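# What the coordinates show
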Amino acid sequence: ALKSLIYSIGPDEEGVIQRFGQYVRTVGPGLHVKLPFGIEKATPVKVRKIFKEEFGFITVLAGVKTRYSSRQYLEESLMLTGDLNILDVRWIVQFKVKDPIKLLFATRNPRENVRDMAAVVMSRLAGDYRVDELLTTKREEIDHKAEVELQALLDKYDTGIDIVTVKLLDVNPPDKVKPAFNEVNRSEERRVGKECRSRWSPD
C-alpha cells in the first residue's frame, strides 16, 4: 500500500499528476505522496534532458570512436536543390521538453512529430538554395532557418517541445549521390508497380 502512495521524481524530471485521467498538478524532483488504488497516476517527464534525432544516418555506438550504422537512409536524406540537383543531406535535431502537460495531452508521438516536421522543413529549405550554397557558404544560415521554422511548427501544434539546435553535418555532392538516387527511384517504381498490379489483378 505504501508503494502506491509514495513516488519519486528524478532531478531532471517533472511529475505530471492525473486524477481519474484528468490533469491535476505538476510536481518537482523528490519524494511525493499521491492517492492510492489508481486514483492518481504520476508520469515523470524529463525536462532537462536534451534529446537528439538523426536524419540520414544512425549512431550505433557513441564514444571516443563513434560508430555509425552502415545502412543508408536515402528516403529521408536525398533532397532536391533550387537548381535541380540531388544532394544527400545528413543532419541532426536536438530538442527538449518545455511543457510536459502539452507533451502528454496535446500531442501523440512527439518524437515522430519532430522527425516528420523536421524532414518537411529541411526538404523545403534545400529547394530554396543552389547546390554550391548547400555545400559551402549557406549551411549556417540553413541551420538557423530550419530551427526557427521547425519551432514555429511545433508551437503551432502545441507539442510542448523546444528546439535546441538544428545542424547540417554532411552534404554529399550530386556526382556521389546519382547512383543512389537512381536506385531509390527504381525501388519506388517497383513498389508502385506492384501496388497497381495488386489493386487491379482479378481475385
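It should be emphasised that the depicted structure is a prediction, and the values quoted were computed from it without experimental measurement.

The strand order 3-2-5 describes an open sheet built from three strands, whose pairing is antiparallel. Each edge of the open sheet carries a strand with a single partner, namely strand 3 (22–27) and strand 5 (40–46). The sheet shows a mean angle of 25 degrees between the axes of neighbouring strands, direction not considered. Where strand 2 (residues 13–19) meets strand 5, seven bridges bridge the pair, whose relative direction is antiparallel. Residue pairing for strand 5: Gly-15 is matched across the bridge by Pro-44.

Scored by pLDDT, the protein has a mean of 85; 78% of the residues are at 70 or more. With pLDDT under 50 throughout, residues 64–71 is counted as low confidence; its partners more than four residues away or in other chains account for eleven contacts.

What follows is about the pairing of strand 3. Sheet topology note: the strand 2/strand 3 ladder contains five bridges and is antiparallel. Within strand 3, the position partnered with Arg-19 by the bridge is Gln-22. Here strand 2 folds back onto strand 3 in antiparallel fashion, the turn holding two residues, of which Phe-20 has a positive phi close to 50 degrees.

Attention now moves to the packing of aromatic side chains. Across all of its chains, the model carries three aromatic pairs by this definition. Ring centres of Tyr-23 and Phe-105 lie 6.3 Å apart, and the angle between their planes is 55 degrees; this geometry places the pair in the tilted category. You can see Tyr-23 sitting in strand 3 and its partner Phe-105 sitting in helix 3 (residues 100–105), a full 82 residues away along the chain. Here Tyr-23 falls in the partly exposed class, since its relative accessible area comes to 34%.

Counting residues in hydrophobic clusters, the biggest one holds 32 residues, and the most contacted among them are Trp-91, Val-93, Met-122, Leu-150 and Val-166. Looking at this core, the elements with two or more residues in it are strand 6 (51–55), strand 10 (86–97), helix 4 (110–126), helix 5 (131–135), helix 6 (139–156) and strand 11 (161–172). The element best represented in this core is helix 4, accounting for seven residues.

Despite not being glycine, Leu-84 shows a phi value in the positive range, around 65 degrees. Assignment of secondary structure puts Leu-84 in the loop between strand 9 (78–80) and strand 10. Backbone geometry places Asn-109, a non-glycine residue, at a positive phi of 50 degrees. Along the chain, the position of Asn-109 falls in the loop between helix 3 and helix 4. According to the relative accessible area criterion, Asn-109 is partly exposed, its value standing at 45%.

As for its placement among the helices and strands, Glu-40 is situated in strand 5. Here the side chain of Glu-40 touches Arg-19 through a polar contact of 2.7 Å, side chain to side chain. Within the local environment of Glu-40, its side chain forms a polar contact with the backbone nitrogen of Leu-35, the two atoms lying 3.1 Å apart. The contact partners of Glu-40, leaving out residues within four places of it in the chain, are Ile-17, Gln-18, Arg-19, Val-24, Arg-25, Lys-34 and Leu-35.

The rules behind each value
- Residues numbered from 1 in each chain as written.
- Predicted model: local features only at pLDDT ≥ 70, side-chain atom pairs only at ≥ 80, totals over all residues.
- Heavy atoms only, no water.
- Pairing = 2+ DSSP bridges.
- Helix = DSSP H or I, 4+ residues; strand = E, 2+ residues; numbered from the N terminus.
- Axes fitted to C-alpha atoms, helices over the stretch in contact; angles between N-to-C directions.
- pLDDT = per-residue confidence, 0-100.
- Contact = heavy atoms within 4.5 Å.
- Phe/Tyr/Trp six-rings, centres within 6.5 Å; stacked < 30°, edge-to-face > 60°.
- Buried < 20%, exposed > 50% of the residue type's maximum accessible area, 1.4 Å probe, protein only.
- Core = buried A, V, L, I, M, F, W, Y, C linked by side-chain atoms within 4.5 Å.
- Polar contact = N/O pair within 3.5 Å; in protein donor to acceptor, adjacent residues only side chain to side chain.

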